[in-house]
Amino acid sequence: MHSGNATNGLKVIPINPGLAKQNEILHGEKVYPDLQSVAAEYTVDMVDIFRASNAAGQFVDEAIAIGAKSVWLQLGVVDEEAGKRALDANLLVVMDTCPLMVAPAMGISGPD
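Residues numbered from 1 in each chain as written. Predicted model: local features only at pLDDT ≥ 70, side-chain atom pairs only at ≥ 80, totals over all residues. Heavy atoms only, no water.

What follows concerns the confidence of the model for the protein chain. With 87% of its residues at a pLDDT of at least 70, the protein chain reaches an overall mean of 88. Across the protein chain, helix H5 (residues 80-88) holds the top mean pLDDT of 98, while helix H1 (residues 2-7) sits lowest at 44. pLDDT under 50 marks residues 1-7. Its contacts with residues more than four places away, or in other chains, come to 12 contacts. (pLDDT = per-residue confidence, 0-100. Helix = DSSP H or I, 4+ residues; strand = E, 2+ residues; numbered from the N terminus. Contact = heavy atoms within 4.5 Å.)

This is the structure we're talking about:
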């Protein structure tokens, strides 16, 4: 997903606790250990969740906690309870969908 969004003008910030401990750089971006660390430096518009459905809720809750504007759960990832929590917190929610695949059809090409 990263390369497609990067070409659409979106800044994609990787999160991986293991790689963050190693001070890794991925696709030219610093790897962060968690969403809270990212939110300390950036405003987060969208959290794209690449986790199994039974693990997605934790990351939806973190997205709510940092004030993200939306959460996207990737293809095959569905957690209706987490989605309801996000909607109740006024986040936009998409499940079982890849933003890279639907953005062009929605006329989204990245931030201005």
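Turning next to the side chain of Glu29. Position of Glu29 among the secondary structure elements: in strand E2 (residues 29-30). Its relative accessible area of 19% is what places Glu29 among the buried residues. With sequence-adjacent residues up to four places away left out, Glu29 is seen in contact with Lys11, Val12, Pro14 and Glu24. (Buried < 20%, exposed > 50% of the residue type's maximum accessible area, 1.4 Å probe, protein only.)

Along the polypeptide, Tyr32 turns up in the loop between E2 and helix H3 (35-39). Residue Tyr32 is classed as buried on the basis of its relative accessible area, which comes to 4%. For the pair formed by Tyr32 and Pro14, sequence separation is 18 residues and the distance between their alpha carbons is 6.3 Å. In contact with Tyr32, other than residues within four places in its own chain, are Ile13, Pro14, Ile15, Asn16, Pro17, Ala20, Ser37, Val38, Glu41 and Tyr42.

Turning our attention to the packing of aromatic side chains. Within the structure shown, the criterion is met by 1 aromatic pair. Seen from their ring centres, Tyr32 and Tyr42 are 6.5 Å apart, and the 80 degrees between their planes marks the pair as edge-to-face. Of the two residues, Tyr32 sits in the loop between E2 and H3 while Tyr42 sits in the loop between H3 and strand E3 (46-49), which places them 10 residues apart along the sequence. (Phe/Tyr/Trp six-rings, centres within 6.5 Å; stacked < 30°, edge-to-face > 60°.)

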